[in-house]
Amino acid sequence: MVNERVDSFDEYRIVLPDGTVKHVNSSGHPVLDGNGEFIEFVGTATDVTERKRAEEALRESEAKFSDFAATASDWLWEIGTDYKFTLLTENAFRSNPADRIGTLCWEHALDLETEPEKWRLVWATLDSRKPFHNFVYCSVDGTGSPMYVKVSGKPVFDANGEFRGYRGTGTDVTAIIRAEASLRTVEAEARENEQRYRKAQLELEHANRVATMGQLTASIAHEVNQPITAAVTNAQAALRWMSAEPPDFGEVSEALAGIIKDGNRASEVIGGSARS
């Protein structure tokens, strides 16, 4: 640069005797006399070590943020003030990202009509310039097949505080949503089976009670039938003894006593069954 007699700017690294590394920015300007002859080279050297460290720290921080975002989600996105995509990273919506640039972020949603209240809430959030987290909706992938996505975003403002859009992350949660739906189906079937089992159990208990009642009724009828039959027999005998010439009142009395005995026996059987 000295030989060429032009301004020079350079950045280089030096190692001090103690091993410390310094970054230096230098600039130089040739000084010429009235005849255009070179007289000297005037320059400055500035220690920019701290600035270099800050730049490296910033790059490292940006790399970490990018890694965190990439591992926490499937893609990154940005939308402008009109809510149209301005950026989509690779594999967004399992499709070619370029196909959705310039489209509204909800243009491919399939649940706008089936879940309007959910969308009214997210639109109100966007219009109020507030962040949102884990909003799940049904979209379509590159083949037109339904897929569920979970998105989070935050508003972006410039140095003057002017709103510039949103940026955030997107994740394919189709497998999770379908697994949850399958689980709900299994749980519903389990509840239905349990209800059927309880109904069958109640019907069986009722049938057992009916059968037991029938057996008890038959047993009581058998027990009561014997004294009733005996009482009828004694009554017939009493009638015969009273019709005899002359009537045998002694036999009549015994027959009537038998009737009373059989009646008491029948009463005891019925009373015992009622208490049991």
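This text follows the structure it describes.
Keep in mind that what you see is a predicted model, and the values were worked out from it rather than measured.

Novice: Please clarify how the pattern of salt bridges should be interpreted in this entry.
Specialist: Where charged atoms from two side chains of opposite charge approach closely, those side chains can pair. A complete count under the given rule lists 13 salt bridges for this structure. Close ionic contact of Asp-47 with Lys-22 constitutes a salt bridge, the shortest N to O distance being 3.6 Å. Of the two residues, Asp-47 is situated in strand β3 (residues 38–47) and Lys-22 in strand β2 (residues 21–32); the sequence distance between them amounts to 25 residues. Residue class for Asp-47 comes out partly exposed when judged on its relative accessible area of 47%.

Novice: Would you explain the nonpolar core in this entry?
Specialist: Proteins that are soluble and globular tend to have nonpolar side chains buried together. Among the nonpolar cores identified, the biggest contains 22 residues, and Trp-75, Trp-77, Phe-93 and Tyr-137 are the most heavily contacted of them. Put simply, the parts of the chain that give this core at least two residues each are β4 (75–79), β5 (85–88), α2 (116–127), β6 (132–140), β7 (146–157) and β8 (163–172).

Novice: What am I meant to see in unusual backbone geometry here?
Specialist: Peptide bonds are trans in most cases, and residues, glycine excluded, mostly fall at negative phi. Note that the residue after Glu-245, namely Pro-246, is joined by a cis bond; omega there is 0 degrees. Looking at the element boundaries, Pro-246 is found in the loop between α3 (174–243) and α4 (249–275). Even without being a glycine, Arg-129 presents a positive backbone phi close to 60 degrees. Locating Arg-129 in the fold gives a position in the loop between α2 and β6. Owing to a relative accessible area of 32%, Arg-129 belongs among the partly exposed residues under this scheme. Residue Asn-134 is not a glycine yet carries a positive backbone phi of 55 degrees.

Novice: I'm lost on the pairing of β5 in this one. Help?
Specialist: Two faces make up the sheet, and in a regular strand the side chains alternate between them. Across 3 bridges, β4 lies against β5 in antiparallel orientation. Within β5, the position partnered with Glu-78 by the bridge is Leu-87. Hairpin connection from β4 to β5: 5 residues lie between these consecutive antiparallel strands, with Tyr-83 at a positive phi of about 65 degrees.

Novice: Just to check I follow, could you spell out the pairing of β8 for this structure?
Specialist: For β4 and β8, the ladder comprises 5 bridges, and the chain directions are antiparallel. The residue of β8 that forms the bridge with Leu-76 is Thr-169. One ladder, built from 9 bridges, connects β7 with β8; its direction is antiparallel. Counted as the bridge partner of Ser-152 is Thr-169 from β8. Connecting β7 to the antiparallel partner β8 that follows it, the hairpin turn spans 5 residues, and Gly-161 within it adopts a positive phi of roughly 85 degrees.

What counts as what
Residues numbered from 1 in each chain as written. Predicted model: local features only at pLDDT ≥ 70, side-chain atom pairs only at ≥ 80, totals over all residues. Heavy atoms only, no water. Salt bridge = Lys/Arg side-chain N within 4 Å of Asp/Glu carboxyl O. Helix = DSSP H or I, 4+ residues; strand = E, 2+ residues; numbered from the N terminus. Buried < 20%, exposed > 50% of the residue type's maximum accessible area, 1.4 Å probe, protein only. Core = buried A, V, L, I, M, F, W, Y, C linked by side-chain atoms within 4.5 Å. Pairing = 2+ DSSP bridges.

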